[in-house]
Amino acid sequence: MDLSIATPHALILVINCGSSSLKFALYSAARREPLLVGLAERLGAPESSIRFDLDGARSLVKLEGAAHAGALAALLEQLQKLGWLKNVCAVGHRVVHGGEHFTASALITPAIINDIEACCPLAPLHNPANLLGIRAMLEGMPNIPQVAVFDTAFHQTMPVAAYLYALPRRYQRELGVRRYGFHGTSHRYVAGEAERFLELDPADHGLVIAHLGNGCSATAVKNGASVDTTMGLTPLEGLVMGTRSGDVDFGALCYIAQHTGLDLAGLDSMLNKESGLLGLSELSNDCRTLEAAAAEGHQGAAEAIAVFTHRLARHIGGLAMSLSRLDAVVFTGGIGENSSLIRKLTIARLGVLGIDLDPVANDQMKGGKSGFVSRSRQPAAIVIPTDEEWMIACDTIALAEIITTTGLSTL
Ligand code: ADP
């Protein structure tokens, strides 16, 4: 069957492969709501399984120790059973690190795979897992265009002043040590939605977007392009996150190492897995749990929220200085979209920018709604729900259309 993205029943599969998990979503080219979503977890372990969410019903299939290839085989089998496999005409893959090489999404070819591989030293936990997914899908669906969408690509427009660390230049030249930024797919999607929602002039506007989920980053967007962001060479820099510290004085780390004997791997693990909201509260990395505990008088939870919002407001203020005008601060991600408390405490610190909370609108804003949470309109504070998977699907459709219209084959 000659199926192309232009066919009315064309389907797009989006794959997000982590080191031991694999998220997926299946879209029809015409609709933002996915037909099927799911998650394979504990890949490679005896209890590995894959779950499918379809029409509000959830089913679970045990994978008996299978890893990524086994999970993808189970996914393709499910698509076959549902009668959808024959209509899948493009696959989009999330790839975490595209280094300086990738400034946009790319159709996957053998050369592109080599380029993604070359970025592995910059993201040793993520890129190899992303490549596993790409290779397994190329084997499972060899004749279908596949697209890589990079977390870092949107931030490649940052000027040199924003991306250089004040380290000896040889580390940038020889090892690629510089700030890259992450969550780019989310920031790009939200920037576009905010521009439409606020009816901004595409050639003259400024936004600061706070993506607050388990990982958190904020980005300054000038006329649609990223000009500064809080994450760096890795996703550890910047804001306080669920289990990551964000910015910390390296001198403090030397001091901790000297007094505890922690080596580099130990410090890395402590900063990524035991810090942030979890480390501060000594209770949880989950914002909902902390809000409930703080309301009942848990001091650690209250202080974790205070540090989180203080750091966030400080970064928002700093990022605004990379813009020539500020139209809005935009909240997104699980916390940004749902937590009226985090927004309230953050906006309370943004008075100097002229942003003024609307308490009623703020309390009502949750569960995927978009809208204003400030009384002020210039600048405003707004909420825009993110949708990284749909953005990946859109890039995949756009690049697969090139194949359809030009008849080019990449594989
Ligand atoms: P990920 O980065 O894994 O995609 P999410 O964007 O789903 O994560 O965000 C997860 C965070 O969102 C968790 O800290 C969770 O507690 C928080 N969150 C979700 N709903 C609410 C809510 N109603 N109130 C406060 N925090 C919430």
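**Student:** What's the story with the site of the ligand in this structure? I'm lost.
**Tutor:** The environment of the ligand is formed by Gly 213, Asn 214, Gly 215, Asp 286, Cys 287, Arg 288, Glu 291, Gly 333, Gly 334, Ile 335, Asn 338 and Ser 339. One of the backbone N or O atoms of Cys 287 is found 3.1 Å from an oxygen atom in the ligand. Protein contacts shield 70% of the accessible area of the ligand, which totals 580 Å² for the unbound molecule. Counting residues per element, the ones that place at least two in the shell around the ligand are α10 (287-295) and α12 (333-338). The leading source of residues in the shell around the ligand is α12, at four residues. Looking at side-chain class alone, the shell around the ligand contains two nonpolar, seven polar and three charged residues.

**Student:** Looking at this model, I keep getting lost on the domain arrangement of the protein chain. Mind explaining?
**Tutor:** Often, the extent of an interface is quoted as the loss of accessible area upon association of its parts. With domains assigned, the protein chain is organised as domain 1 (11-150) and domain 2 (202-388). If you average the C-alpha positions of domain 1 and of domain 2, the two centres end up 29 Å apart.

**Student:** Help me understand the sheet that holds strand β9 (residues 206-212), please; the structure alone is not making it clear to me.
**Tutor:** Sheet strands pair by backbone hydrogen bonding; their relative direction is either parallel or antiparallel. One open sheet holds the six strands; their spatial order is β11-β10-β9-β12-β14-β13, and the pairing between them is mixed. Among the strands making up the open sheet, the edge pair consists of β11 (225-229) and β13 (371-372). In this structure, strand β12 (residues 328-332) lies alongside strand β14 (residues 380-383), joined through four bridges in parallel fashion. Across the sheet, residue Phe 331 finds its bridge partner in β14, namely Val 383. Where helix α6 (residues 184-197) meets the sheet, its contacts fall on β9, β10 (216-222), β12, β13 and β14, and the angle it forms with β9 comes to roughly 130 degrees. Running over the sheet, helix α11 (residues 299-320) touches β9, β10, β11 and β12 and is turned about 155 degrees from β9.

**Student:** Any chance you could explain unusual backbone geometry here in plain terms?
**Tutor:** With glycine set apart, most residues show a phi of negative sign, and most peptide bonds adopt trans. Cis geometry is adopted by the peptide bond preceding Pro 379, which originates at Gln 378 and carries an omega value of 0 degrees. Considering the arrangement of structural elements, one finds Pro 379 in the loop between β13 and β14. Unlike most non-glycine residues, His 183 shows phi in positive territory, near 60 degrees. Looking at where His 183 falls in the secondary structure, it is placed in the loop between α5 (169-175) and α6. Phi angles above zero are rare outside glycine, and Glu 282 is one such case at about 55 degrees.

**Student:** Help me understand the environment of Arg 188 in this model?
**Tutor:** Assignment of secondary structure puts Arg 188 in helix α6. In this structure Arg 188 comes out as partly exposed when scored by relative accessible area, which is 26%. Through-space distance from the C-alpha of Arg 188 to that of Ala 57 is 31 Å; in sequence the pair is 131 residues apart. Here Asp 395 takes part through its side chain, which lies 2.7 Å from a polar atom of the side chain of Arg 188.

**Student:** How should I be thinking about the sheet that holds strand β1 (residues 11-17) in this particular structure?
**Tutor:** The eight strands lie next to each other as β5-β4-β3-β2-β1-β6-β8-β7, forming an open sheet whose pairing is mixed. The strands lining the two open edges of the sheet, one partner per strand, are β5 (57-62) and β7 (106-107). Bridge analysis of strand β3 (residues 36-41) against strand β4 (residues 49-54) gives six bridges, and the strand direction is antiparallel. Bridge pairing links Glu 41 to Ser 49 in β4.

**Student:** Just to check I follow, could you spell out α6 for this structure?
**Tutor:** Given 3.6 residues to a turn, an α-helix orients residues that are three or four positions apart in the same direction. Over its 14 residues, α6 runs 20 Å from end to end, which matches the ideal 20 Å to within 8%, given 1.5 Å per residue. Most of α6 is tucked away, with ten of its 14 residues classed as buried. Every buried residue of α6 is listed here: Gly 184, Thr 185, Ser 186, His 187, Tyr 189, Val 190, Ala 191, Gly 192, Glu 193 and Ala 194.

**Student:** Please clarify how the nonpolar core should be interpreted in this entry.
**Tutor:** Across soluble globular proteins, nonpolar side chains show a tendency to be buried alongside one another. Grouped together as the largest cluster of nonpolar side chains are 40 residues, with contacts concentrated most on Val 208, Leu 212, Phe 308, Leu 312, Val 329 and Phe 331. Ranked by residues supplied to this core, first place goes to α11 with nine residues. For Leu 312, the contacting residues outside a window of four places in its chain are Ala 210, Leu 212, Leu 239, Phe 331 and Thr 346. Counting 29 residues, the second-largest nonpolar core is a separate cluster that includes Ile 12, Phe 154, Ile 209 and Met 391.

Criteria and cut-off values
Residues numbered from 1 in each chain as written. Predicted model: local features only at pLDDT ≥ 70, side-chain atom pairs only at ≥ 80, totals over all residues. Heavy atoms only, no water. Near = heavy atom within 4 Å. Polar contact = N/O pair within 3.5 Å; in protein donor to acceptor, adjacent residues only side chain to side chain. Areas by Shrake-Rupley, 256 points an atom, 1.4 Å probe, with all protein chains shown as cover. Helix = DSSP H or I, 4+ residues; strand = E, 2+ residues; numbered from the N terminus. Nonpolar A, V, L, I, M, F, W, Y, C, P; charged D, E, K, R; others polar. Domains from an automatic or database assignment. Pairing = 2+ DSSP bridges. Contact = heavy atoms within 4.5 Å. Axes fitted to C-alpha atoms, helices over the stretch in contact; angles between N-to-C directions. Buried < 20%, exposed > 50% of the residue type's maximum accessible area, 1.4 Å probe, protein only. Expected span 1.5 Å × (residues − 1). Core = buried A, V, L, I, M, F, W, Y, C linked by side-chain atoms within 4.5 Å.

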